[in-house]
Structure formats: C-alpha cells, structure tokens
Protein chains: 4
Amino acid sequence: MPGNSFGHMFRCTTFGESHGEALGVVIDGMPGGLTVDMEALKSELRRRAPGQHAVHTGRKEEDLPEIVSGVFENKTLGTPITVLVRNTNQRSQDYDQLKDSYRPGHADKTTLDKFGIRDHRGGGRASGRETVSRVIAGYFAGLILPETSFYAYIEQVGNFKLSNAPADHSFDRGEINIPDKKMSDEVVTFLKRCKDTGESAGGTVTLSIKAAPASLGEPVFDKLKADFAKAMISLPACVGFSIGEGWNFAHKPGSEISKDRKNFGGMEGGISNGDDILLKMVFKAPSTVGEKALNGRHDPCILPRVVPVVEAMAKIVMADHYLRQAAYSTFLP
Amino acid sequence: MPGNSFGHMFRCTTFGESHGEALGVVIDGMPGGLTVDMEALKSELRRRAPGQHAVHTGRKEEDLPEIVSGVFENKTLGTPITVLVRNTNQRSQDYDQLKDSYRPGHADKTTLDKFGIRDHRGGGRASGRETVSRVIAGYFAGLILPETSFYAYIEQVGNFKLSNAPADHSFDRGEINIPDKKMSDEVVTFLKRCKDTGESAGGTVTLSIKAAPASLGEPVFDKLKADFAKAMISLPACVGFSIGEGWNFAHKPGSEISKDRKNFGGMEGGISNGDDILLKMVFKAPSTVGEKALNGRHDPCILPRVVPVVEAMAKIVMADHYLRQAAYSTFLP
Amino acid sequence: MPGNSFGHMFRCTTFGESHGEALGVVIDGMPGGLTVDMEALKSELRRRAPGQHAVHTGRKEEDLPEIVSGVFENKTLGTPITVLVRNTNQRSQDYDQLKDSYRPGHADKTTLDKFGIRDHRGGGRASGRETVSRVIAGYFAGLILPETSFYAYIEQVGNFKLSNAPADHSFDRGEINIPDKKMSDEVVTFLKRCKDTGESAGGTVTLSIKAAPASLGEPVFDKLKADFAKAMISLPACVGFSIGEGWNFAHKPGSEISKDRKNFGGMEGGISNGDDILLKMVFKAPSTVGEKALNGRHDPCILPRVVPVVEAMAKIVMADHYLRQAAYSTFLP
Amino acid sequence: MPGNSFGHMFRCTTFGESHGEALGVVIDGMPGGLTVDMEALKSELRRRAPGQHAVHTGRKEEDLPEIVSGVFENKTLGTPITVLVRNTNQRSQDYDQLKDSYRPGHADKTTLDKFGIRDHRGGGRASGRETVSRVIAGYFAGLILPETSFYAYIEQVGNFKLSNAPADHSFDRGEINIPDKKMSDEVVTFLKRCKDTGESAGGTVTLSIKAAPASLGEPVFDKLKADFAKAMISLPACVGFSIGEGWNFAHKPGSEISKDRKNFGGMEGGISNGDDILLKMVFKAPSTVGEKALNGRHDPCILPRVVPVVEAMAKIVMADHYLRQAAYSTFLP
C-alpha cells in the first residue's frame, strides 16, 4: 500500500529516486492566496544541500526547485502545488560497483525483497536525497503558520555534547548547525578525521518550537506527539525520538516533573497547550564505513544536513494539525 | 479531524470515555474465517486490568468483552468486529472534586480548550482506561500473525534497572512484568512506598518481536519504524521511543554499528528484514502526586499495566503492514 | 481493505450483521457542544422502520438506539459517538432454508467468494437492515447543518409517476413518502397486489436540498456531486444517480441548459453554489420474487423506507464537506 | 481538505492548471516489475487529444508524457510514478476577455468563492484538460489487470441514438467513438452545425468491462458500484450514472429482472461476480454557447473525447479494488 504521502489536510506526496530524472512533491490541501517567495524556498534547500562545508560529501548538487502547478503570479491557488528538483549530478557510474551487492544497514536488500526490483544506481527512495522533497513541503507548511518559530540544532555528535542550549531562536548556529563555536570547531576536526579514515558518526538533534498554536493534536491516535514521532522516525537513520526531558523521564519522580509546567514539553494529553514544544531525535552513524566510504561520495555524518529537514517535518505536522483543528473553530464557544 | 482510528488495512477505531457507558473498538479489515477464542481475549484484558497487585490502584474493574458484530460461531466474518466493555465501576463521585480544576500534565484543560466541552467525571478519552480498546484490537491483530511472537517487559522503574535482558520469550515476567525476581521485589517495595507517600514513578519498557515477517513497511513516510513510533508515542504518558540500541546510537561510531546486523533492530531502510525487532519506550511518572494522589484511586506507576498494551500496539502495526504488503505478493517474482 | 467507513472529517464507521447481536455506528469527527435530542433521533429511525404500513414486511423491529459514547448530559463531547441498535427480532429460523442456496441478485454468493465465509442467517452486511446505522449517522450530521433542509420523496414506483413536484419542503409526503394522495393510494394498492403475488417493484426517489452552504466540494475527485453519487449508489439496490435534469441532459442542447441557472443542480464545477440541490436516484425491484417472496418476510418495494436513508446519506456528505471547507475559512479574504 | 487523490491502494494524485506550466499525476501503490510501453501510453493520450477531427476544438495540443520517477529501464519500481505533460499551447490571451466574467455552469465563480483566488487564464483544475492526468493513471492501472478489457463508446448525442450495442470489444468505434457508421456521419454533420452556430450537445457513454475479476468491492460504502459512480461523476460535465439497465430499472418488475443474470450488471451486493460489467454515463452539453462559443476554441460536444477518460477511470477503480482484495487472498480457503 502506498506510503509516500504524509498529512491529511495538508497532504504532501513525495516522489523521485536518488538517481532518476527528478525528485519532488505534490502538496494538496494548501490554502489559496498565500505569497510564495522563491528566494526563501531556495534558501531552505541550500541549508540542506551537500557540499557546503569540508565535512560534507564532495557532491555539488544544484537543487533548483521548479514549481509546475498550484502557484500563479506568486500566489498559491488552493490547487495542488507541485515542485520538481532535477537530478543533475547523479554520476551513476560511481555506484556501479554496488549493482549486485547490498550495503548492510541500507534499504538495498529489503527494497529488492519487497518490490522484486530496485534501482541499483543508488539508494532510490531510501536515499537521504529524498529529504529534498520534505524541505520543499516544509517551506509551504510554514506559510500556514507564519507566527510559529521552528529552530533545530545539533546537540551531540559522537562524544561531543553541547553544554548549553541556545538562549533563543536567533542564536547563531554556525556553519554546521552547532550553536557553540568551540564544539563546532571540534566536531569539524573530528568529522574530517572520520572522512579520512572511513569512519562515521551519529548524534542528536534538538528542535524547539515557539509560539505554537494551542489545541493541536487529535485524541487518541493522532495526538500531536504521535505525529511528531512518526514524522521524525520516518527520516533516514532516525532511531530515537523523545519529548521534553525525554529519556530522563525514565527515572524522574512525578513530584519533580509536576513542579514545572515546562516538563510537559508543550503538550498535555497529546494536545498542544501553547507552551514551547521541545523534541529530541537520535540519528545513527551512516552504515557505509571503511573502504567503501573512502571510495564513494559519502557523508561521515548526516547531522548537519538533517537540521533543516527536522524543521520541515515539524512544520508539516503542525500545518496539518492546524487545518484539522481549524475546521471546528466555528463550533467553539 | 477525527483521530480515533489507527491502521489502513487493519483499521481499528476506538471509542468510549473513561466514565461513560462503555469503551470499545470497531476493527475493520479483518480477514474472514479466523478462529476467535474468547478466553484468550479475556486473558489479554486481565493482563491490563488494575487491581491485580498491591501496587495498583484499588479499582477492581471487570473488563468483560462483548462481541456485538463480525464474529459468527467463533469465526471472523470479514465484516467489522465490534467489541464493547461496559464501565461498571466508575464511581464518578470520586472525581467530583476535580470538576472545575484541571490536573497539570493531564488533558483536562487542553481537552476543554480544544472541544469547548469535556466530561469532567474523569479523563475521558485521555484516561489510561482507553487502552482497553487497544488490547482488544491487539488480540485480533495477533490472529493475523500467528507465527510472530511479541514479548514486552519492564527494563527500568525510577532508578531500578534490569541487568540482563530475558533469554527468550518464555522467560517468566513475574507479577509486574519485570523478568528478574530481585528487581521485581525491590520495585514492588518502592512502588508501595510511592503509593503511601503520594509519589509516582516512570520507567522504560522493552519490546522484542521474534519471527517477524520480512518486507513490512512502506517507503518513505509509512516505514515500519515510523508506524511503530506513532503507535507507541500515542500511548498515554509515552514520551520516548527508540529502535535497537536507541539512545546509544548517538555516540556509537559507524564501524561498530556495522559489525553486527543485530544493531539494525530488525529493519533496514524502515522495512523489516526478518531479524528480531527491538524497541524501547519511555513512560513518564503520573502527574497526579501529593494530596490528590492519596485521595483518589491512582496508580503510582503505569509501567506494569502498559506492557500488554505495548504488545497490542505492535501487533496492530504489524498486522496492518502485513496486509498492506500481502496485496502485492502476486506481483513478486 | 476496509470499506465500512464514509467521510473524512465527519467520519462514520458502521457495523453489524442483520442477524447478529446489534448494528450501529461510530461517528468520529463530531464537533463538541451540540445538543442531542433522543426523541428526534428515534423519530428518524421510525421513518425507516418496517411494519408501519400494510405494504411493508411483517417484521416489527424495535429500533431502539443506545448511545454508549460521545454524549454527556445531552451534549456531544467531540469524542467518537457510538450508537447501538440491538437486533431483537431476527427470527433466524425463517432463513434456514437459505443456508446452502444463494439468492440471485443478492450478495450471498459474492460475499462467500470474497470473504471465504458468510453469516447465512440473513443478508449480513448486505441487508437493507444495515441502513439503520446510516440513519443514525445522518441524524448527527444534521446537527452540523441546522439551517439546511433535506427533503426526499418517491417520484416513481413501477409505472406510477408523480405529475408535480411538491411545492416546498413542508409538503405532506403521506404514509409512504409519495407527495400526492391519488398516486399514493394507487401505489399502495399496487404494492399489496405485488405482495400477494410474490412480485416486486422498483422506482425513483428525488432529493431536494435547500439552504445548502456554498463552496462545498473539492476538485477534482471529491467534487460534491461525486461524493453524493458514491453515497447514494452505495445504498442497497441503488442502480442510478443523476443531478438536476439528469437523464434529460443527454438530449438537451447547451443553449437551453444555459438559460436557467437551476439547470446546474446547485453545483458548478462540482462545487455547491448556494442554489437548491436536486438529485434523483433509481432503485431496482428486490430480486426475491415468486415462491420465496411469499414465504419470507420480504418488502415488495423498498422505496418508501429508502426515503429517510437518502436524506441521511446527503446529510453525511454535506456535513463532511462542510467541515472540510471550514478548515480554510480563516484564509479567505 | 485535499480532493485531488483517488484510490487507496492504487492511489493517484493529479495536479496542474489548464494554463499553468504542466499537468500530471503521481501514482503511488504501483506494483514493481511491470513493463511500461511509452508508445502505448502516448497512444492513449492521443485518443483523448483534441484537434483530431473537424468537430473538435481547433487547439492542437501535443500531450507528450514525461516520466520523471518510478520507472527504470522500462520497468516500474514500486515507487511513486510521476508523469508530466507540459502545456505548450495555452494561448492565454484568448481567455483574457473572461478575466472578470464568470461563465455560468463553469467553476469560475465557485472556485473563486471557495479558494478566494483563481487562475483566470482558463478553467484551472475544472478544465477538461485535467483529464489528461486521468488517462495517464488509467494506462498504469491497466497494467495491473492485463486480462480485463475495457471498452466504452457513445450511445447518444443530442437526439441521435445508437440502435445496436457493438457485438464485442473489437468492434470499430470509428473516428468519434460511435460504433455505427451511419450514426457517426450524422453526428459529425450535426456537431459541425453546432460549431458553426454556437450551439452545444450532450449525450451518453456506455462502458463494457469483460473478464473482470470477481470479488472486487468492499461492503458497505466502498462497493464497486459506489466507487465507479464516484469515479465517473467526478468527471467534468458528468451528471448521470447507472448500472446495467439503469433508468429502466425504475419500472421493471422484479420477476423480469431476476430472469436474467445479466441484469445484475456484473455486481451483486456491490461486489463483482465475474460477469460483464455494464455502466452508462450522461454528460451534459457544454455551457459555453452563442457568441462566446464562436469566439473561443470550444468543443461543441465533449462526448467523443470523454470515451478514453471513462475507460481510464474504470481501470483506476478496478486496479485499486484488485489490490484491496489481493491483500486477503492468503486467508481464503
């Protein structure tokens, strides 16, 4: 059964293999009359793009979005918005060595088993490249919630951990989305070494959402927290998700939690309460290591590039739930 | 927008307020001809029921399931299965004191804000009592996957942690689902003390799935891991979810992860690979503490009763994805 | 894949076999705070009930609705509303003769082939009895659109045709929903004769909707007309659907159609334009005829009882689309 | 709420305004490994294209499909298939006169009211041009059901009616899809006159489906007949739908219907029984008449071009239901 759509009211369907003609997204459910700023969209894509920093893969992809439907004279029409990004730099030949081999920890073998066929030129739909469609959808989702601020950053890479959370959403995240100059420098050095030695690293990303609308999230399965969880864990390499204090909740006594409203992470009963929302995600180190990592164009760590994708997914979840709840506003006292 | 349904092919819709007439579930998408064993269903409900152990709330609910549709002469008909459980022991008066007060960390206030009305007699849909419907749905989901074994257990309560994972799925989990006699005794003592002092505790639950079918999970949003995440985080008080090594993945280098196939947690690219699946969930301590906890009938810790619910949700996710994939089996080479 | 749900925002899932314990419906997506009038609900069910008139089957079913969730002190809670109607008068033995025979034109054989099993005691889900759930859902849908008026009536039975459409929605529809005393009397005589001879009859039902909200219906597949069509054709024995002038449109030249706005049937481009909506449905004669019809408790014609069901389905479609459109109201200029 | 998707297992989402950059479709749920024949796809598009005959609009659109995802080396990958058709010949200036006027019977005004904005250059999503996406989706749907034959033809245009149904699916339908040379010639003459005088005409299309799989259709709302009805009535200008004998069922007595299995139209209880399926649809005459029709590039009758679109929609419905049912095949005895 199809699994390439996310959301119900703000519904995005993504498509495209990493080495096919193009990737893209159709967004259905967009309100009409909102202003589209192509420069802002391109800027979001640039945040996700590889090749911007020494620690990234050598690929220089020009992710140029082409809007083929749903926007007229810079305004959304309320019709499906379709955006394409051509794959201009696949260099399929790099991957020919992988034709009959299945990279452990990747979807190579499971894709073949599931569909009876796979595009051996690359990761296909399982490639991190797929997230370009999510960033585009996130841009449009953001137009629905202009007041709400989404700010993600790296909290941990390997054994390097951030000491202090950034004070606010205007805090400089630096070149690789680590809001601490010293840690950022150390991680750059560490990742360069990873790259040279064929090693790879994982880490955590924290997302803060401010000025989130209250009353979002639907009991009992479509709680806001549940849809955040699905959105984040659906990302390649994402293996952990938590709200607020997260794993610390395992040992914290109720008396301590109840002391501070902040501990509820902006949601009570799975419904947003208007407070700041705080989420944390774990991403594992890429499975391609050793010889193979040295030969190909692999990132030793996806964390820096994942930050805008995490923000995009959160925007999609909230825009969807915003529209879901808006339908009932006329019935509220 | 409605949020009380889960699953696409195996679709369950739950209903019922904690202090209303009844709770229950409609399961749509069940195959016909499968044998229903009422005793097995009741036994699952008993595992979730309160009042079985000194550490639980004093409520003695008789969760008697009544099947009102979809089953004829102990066989499923392929039509919607509806199961009701009457609320026989609500004692609404216990909660009257809470009529105009909103318990922090509960859905009381957010429910009122969202719907403009709430059933002040209890937690309504946000009550842990709602999970009775999930356990029923889980029983039927299990009929679709008779070979697959689901086994959850408590790994941590407060500061008590399990030293060794149980050897296999037949390992005795004891009275409160802790597969270690010594730790179990300590936790019972600890929780009794919590109860006496109005304190509460959180913890973690681990779920192991053996003999899981391969090829389940749909790229890119409905990955098996993503739907597990949504299913688990949708549970009351669930604030964290991870796959395999979970939070340890943050610091583990790729070279170490790649060494052992087990580290992929039974899924590659979000699609099951036939290996054992391992999930871990964090549940926070109940927010009702102090005076209020002493007066009411509150569990100081929900972990022991959450274990069968976690198994039920996993069964629902897998049954749904099993049917989703089965549709394509005739097209496979 | 499940097919027992209808609607997206106002979503009803029906359940129950004709000879099982109970039939009913879960409505998910109902706004909170609306007043429920049990007498009004019962009155709708009585309009559908058999045994009210000499032309109907001899069965006297007491369709008593029991609300088991979603309503508290006569107000909707915004949670799923579940309503049950017990089957008190199945007399399964009447049908035992049909155990190994499949009635042509019924779902007996196709149900068995599809699900591998069937409840041979009666029509199961394919029985007209299933529509009791639709009438209940329709009652609640109507609460969402208190201004809009739905009025259906019989236009044709066999060769008897109505000469003049009723002037307005307060026009008396008589005992069997034919708004013309003379035709009504003739049809009663005709149907009594059908009953005595084991014959059966079909006909048409017309539905008029006044004060319908504008802007309902979603391009391009979920046009309002398309969802009306699905709703109506999903009814047992419904074999034809048309809008406005219906079949006359086949030969009418565009110059004539364009003369009168009424010809658009209240929808342009599949979106309601605020005008009266006019739909017409064809129902075929029951397939059970001859000896079998004389032995059992069969209606010679379902038209009289179908009228409230047609209104219910229209209410469900419009309530669903009303909520779908309401989500965007804040974005309109 | 979004309405641009159709189907659940075979799910197509269409996009594109009539005068935007491109139209197209994303198909999600396609099995992997099926062979794609670009020439066959183009040939289907050519059947729908305008400008092939004197009675059609003067527009000569080159509907060249570009597959941008989901197909690799002529095989489907099981991933979303995206196909684009560029709008190369919009000549927007033709429509500038309509900027501030709303064509009666079109979606111009309802679109503006609904979305608060519209693309005044043309019909946008309400244009018949939108059906190009449906034809593409239909081609892929057909790959899932290679044995089943879909054959539609015109039965009536204005007052011209077909005397005899074509003997089989290989019967020549002629230039304008009327399987009768004499009637075809008469209609061509009639439509030329319509064109010259600014008149327009409606009519009916009949669809015959042979070798349809049995057991398709889901009780109670997603009956095969109900989804056919929705699919067809969702087409621009489609105002009537019927099964088998259709409107004749209104007066036919049950004894006559029951005589011949063919009268059930290939479905019993809304589930296909393996017999031939017969559907009939009414399309009304285009609302643009008189002066405006003479100035623009308007078809006086859409029936000839609707025939391949009707077939495409039927293929989509059946492919979707085929996959829905296939999921349960392993549970059948």
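Criteria and thresholds
Residues numbered from 1 in each chain as written. Chains lettered and ligands numbered in written order. Predicted model: local features only at pLDDT ≥ 70, side-chain atom pairs only at ≥ 80, totals over all residues. Helix = DSSP H or I, 4+ residues; strand = E, 2+ residues; numbered from the N terminus. Rg over C-alpha atoms; globule rule 2.2 N^0.38 Å. Buried ≥ 20, exposed ≤ 12 C-beta atoms within 10 Å, placed from the backbone. Contact = placed C-beta atoms within 7 Å. Least-squares fit on C-alpha atoms with pLDDT ≥ 70 in both. Nonpolar A, V, L, I, M, F, W, Y, C, P; charged D, E, K, R; others polar. Expected span 1.5 Å × (residues − 1). Pairing = 2+ DSSP bridges. Axes fitted to C-alpha atoms, helices over the stretch in contact; angles between N-to-C directions. Core = buried A, V, L, I, M, F, W, Y, C linked by C-beta atoms within 7 Å. Parallel < 35°, antiparallel > 145°, perpendicular 65-115°, else oblique. Left-handed = near helix turned anticlockwise from the far one by under 90°. pLDDT = per-residue confidence, 0-100.

Trainee: Break down the overall build of chain A for me, with residues and values.
Mentor: Each helix and strand in chain A was counted, giving eight helices and 15 strands. Relative to the 2.2 N^0.38 estimate, which gives 20 Å for 333 residues, the radius of gyration of chain A is 20 Å and therefore close to what a compact globule would have. With 333 residues in all, chain A has 63% of them scored as buried. Looking at chain A alone, contacts between residues at least 24 apart form 72% of all its contacts between residues at least 6 apart.

Trainee: Would you mind going over the relation of the copies chain A and chain C in detail, with residue names and values included?
Mentor: Superposition record for chain A on chain C: RMSD 0.0 Å, screw rotation 180 degrees, translation along axis 0.0 Å. Such a combination of rotation and displacement between the chain copies is what one expects of a two-fold axis. No C-alpha of chain A approaches the rotation axis more nearly than that of Ala327 of chain A, which lies at 1.9 Å. A share of 100% of the interface residues of chain A reappears at the interface of chain C, consistent with the copies meeting face to face through the same patch.

Trainee: Any details on the interface of chain A and chain C? Residues and values, ideally.
Mentor: Contacts between the two partners involve eleven residues from chain A, matched on the other side by eleven residues from chain C. Of all the elements in the fold, those that place two or more residues in the side of chain A that touches chain C are β4 (32–35) and α8 (303–326) of chain A. Per-class residue counts for the side of chain A that touches chain C are eight nonpolar, three polar and no charged.

Trainee: Account for the relation of the copies chain B and chain A, with residues named and values stated.
Mentor: If you rotate chain B by 180 degrees and push it 0.0 Å along the axis, it lands on chain A with an RMSD of 0.0 Å. A high fraction, 100%, of the interface residues of chain B reappear at the interface in chain A, so the copies pair face to face through one surface.

Trainee: Break down helix α8 (residues 303–326) of chain B for me, with residues and values.
Mentor: With 24 residues, α8 of chain B extends 34 Å between its outermost C-alpha atoms, agreeing within 8% with the 34 Å of an ideal straight helix rising 1.5 Å per residue. The element α8 of chain B is largely enclosed, with a buried count of 24 among its 24 residues.

Trainee: Before we move on, could you go through the pairing of strand β3 (residues 22–28) of chain A and cite the residues and values that matter?
Mentor: Residue and element names in this part refer to chain A. β3 sits mainly inside the fold: six of its seven residues count as buried. In this structure, strand β2 (residues 11–15) lies alongside β3, joined through five bridges in antiparallel fashion. Residue pairing across strands places Thr13 opposite Val26, the latter belonging to β3.

Trainee: For the interface of chain B and chain A, give the residues involved together with the corresponding values.
Mentor: Taken together, the contacts link 81 residues of chain B with 81 residues of chain A. Of the residues contributing to the side of chain B that touches chain A, the split by class is 33 nonpolar, 31 polar and 17 charged. Bridge analysis of strand β12 (residues 238–243) of chain A against strand β12 (residues 238–243) of chain B gives three bridges, and the strand direction is antiparallel. Bridge pairing in β12 of chain B links Gly240 of chain A to Ser242 of chain B.

Trainee: I'd like a rundown of the sheet that holds strand β1 (residues 5–6) of chain B, residues and numbers included.
Mentor: Residues and elements named next belong to chain B. Strand order in the open sheet formed by five strands is β1-β2-β3-β8-β5, and the pairing between neighbours is antiparallel. In the strand order of this sheet, the two ends are held by β1 and β5 (65–69), each with one partner. Pairing between β1 and strand β2 (residues 11–15): two bridges, direction antiparallel. Residue pairing across strands places Ser5 opposite Thr13, the latter belonging to β2. Where helix α3 (residues 131–144) meets the sheet, its contacts fall on β2, β3 (22–28), β5 and β8 (81–86), and the angle it forms with β3 comes to roughly 30 degrees.

Trainee: So what about the packing of helix α1 (residues 38–48) of chain D against helix α8 (residues 303–326) of chain D? Which residues, and what values?
Mentor: All names here are of chain D. Where α1 contacts α8, the two axes come as close as 7 Å, and the packing angle between them is 145 degrees. For the pair formed by α1 and α8, the contact residues are Glu44, Arg47 and Arg48 on the first element and Arg305, Pro308 and Val309 on the second. Its residues assigned to classes, the contact of α1 with α8 shows two nonpolar, no polar and four charged.

Trainee: Requested: an account of the nonpolar core, with residues and values cited.
Mentor: With 386 residues, the main nonpolar core has Met232 of chain A, Met232 of chain B, Met232 of chain C together with Met232 of chain D as its most contacted residues. Apart from the residues lying within four places of it in its own chain, the contact partners of Met232 of chain B are Cys238, Phe241, Leu279, Met281, Val310 and Met313 of chain B.

Trainee: Can you lay out the sheet that holds strand β11 (residues 203–210) of chain B for me, pointing to particular residues and giving the numbers?
Mentor: Ordered in space as β10(A)-β9(A)-β11(A)-β15(A)-β12(A)-β12(B)-β15(B)-β11(B)-β9(B)-β10(B), the ten strands form an open sheet in which the pairing is antiparallel. This sheet does not close on itself; its edge strands, each paired only once, are β10 (160–161) of chain A together with β10 (160–161) of chain B. Where strand β9 (residues 149–157) of chain A and strand β11 (residues 203–210) of chain A come together, eight bridges link them in antiparallel fashion. Bridging from a neighbouring strand, Tyr153 of chain A pairs with Thr206 of chain A of β11 of chain A.

Trainee: Outline the packing of helix α5 (residues 224–233) of chain C against helix α5 (residues 224–233) of chain D, supporting the account with residue identities and numerical values.
Mentor: Direction vectors running N to C along α5 of chain C and α5 of chain D enclose 160 degrees, while the axes themselves pass 8 Å from each other. For the element pair α5 of chain C / α5 of chain D, the angle class is roughly antiparallel. α5 of chain C and α5 of chain D meet at a crossing whose hand is right-handed. Here Lys225, Ala226, Asp227, Ala229, Lys230 and Ile233 of chain C of α5 of chain C lie close against α5 of chain D, whose contacting residues are Lys225, Ala226, Asp227, Ala229, Lys230 and Ile233 of chain D. A per-class count over the contact of α5 of chain C with α5 of chain D returns six nonpolar, no polar and six charged.

Trainee: Residue-level account of the confidence of the model for chain A, with values.
Mentor: Taken over all residues, the pLDDT of chain A has a mean of 93, while the share at 70 or more is 93%. Across the predicted assembly, pTM comes out at 0.97 and ipTM at 0.96.

Trainee: Give me the lowdown on the environment of Thr110 of chain C, citing residues and values where you can.
Mentor: Along the chain, Thr110 of chain C falls in helix α2 (residues 108–115). Here Thr110 of chain C is in contact with Ser215, Glu268, Gly269, Ile271 and Asn273 of chain D, once residues within four sequence places are set aside.

Trainee: Lay out the pairing of strand β8 (residues 81–86) of chain D with the relevant residues and their values.
Mentor: Side chains on a regular strand alternate between the two faces of the sheet. Residues and elements named next belong to chain D. Extensive coverage of β8 is indicated by the burial of five of its six residues. Where strand β3 (residues 22–28) lies against β8, six bridges are found, and the strand directions are antiparallel. Paired with Ile27 across the strands is Ile81, a residue of β8. In this structure, strand β5 (residues 65–69) lies alongside β8, joined through four bridges in antiparallel fashion. Bridge assignment links Ser69 to a residue of β8, and that residue is Thr82.

Trainee: Account for unusual backbone geometry, naming residues and giving values.
Mentor: Residues Pro219 of chain B and Val220 of chain B are joined by a peptide bond in cis, for which omega reads -5 degrees. Phi is positive for Asn177 of chain A, which is not a glycine, with a value near 65 degrees. For Asn177 of chain A, a count of 19 C-beta atoms within 10 Å translates into the label partly exposed.

Trainee: I'd like to hear about the environment of Asp222 of chain D, residue by residue, with values.
Mentor: Within the fold, Asp222 of chain D resides in the loop between β11 (203–210) and α5. Its 23 C-beta neighbours within 10 Å are what place Asp222 of chain D among the buried residues. Here the alpha-carbon distance between Asp222 of chain D and Val83 of chain D, two residues 139 residues apart in the chain, equals 28 Å. Non-local contacts of Asp222 of chain D, meaning those with residues more than four positions away in its chain, are made with Gly3 of chain C together with Gly217 and Asp227 of chain D.

Trainee: Help me get a handle on the environment of Gly124 of chain B, residues and values and all.
Mentor: Positionally, Gly124 of chain B belongs in the loop between α2 (108–115) and α3. Of the residues examined, Gly124 of chain B has 29 C-beta atoms within 10 Å and is grouped as buried. If we skip the residues at most four places from it in the chain, Gly124 of chain B touches Glu17, Ser18, Thr111, Arg118 and Asp119 of chain B together with Thr79 of chain C.

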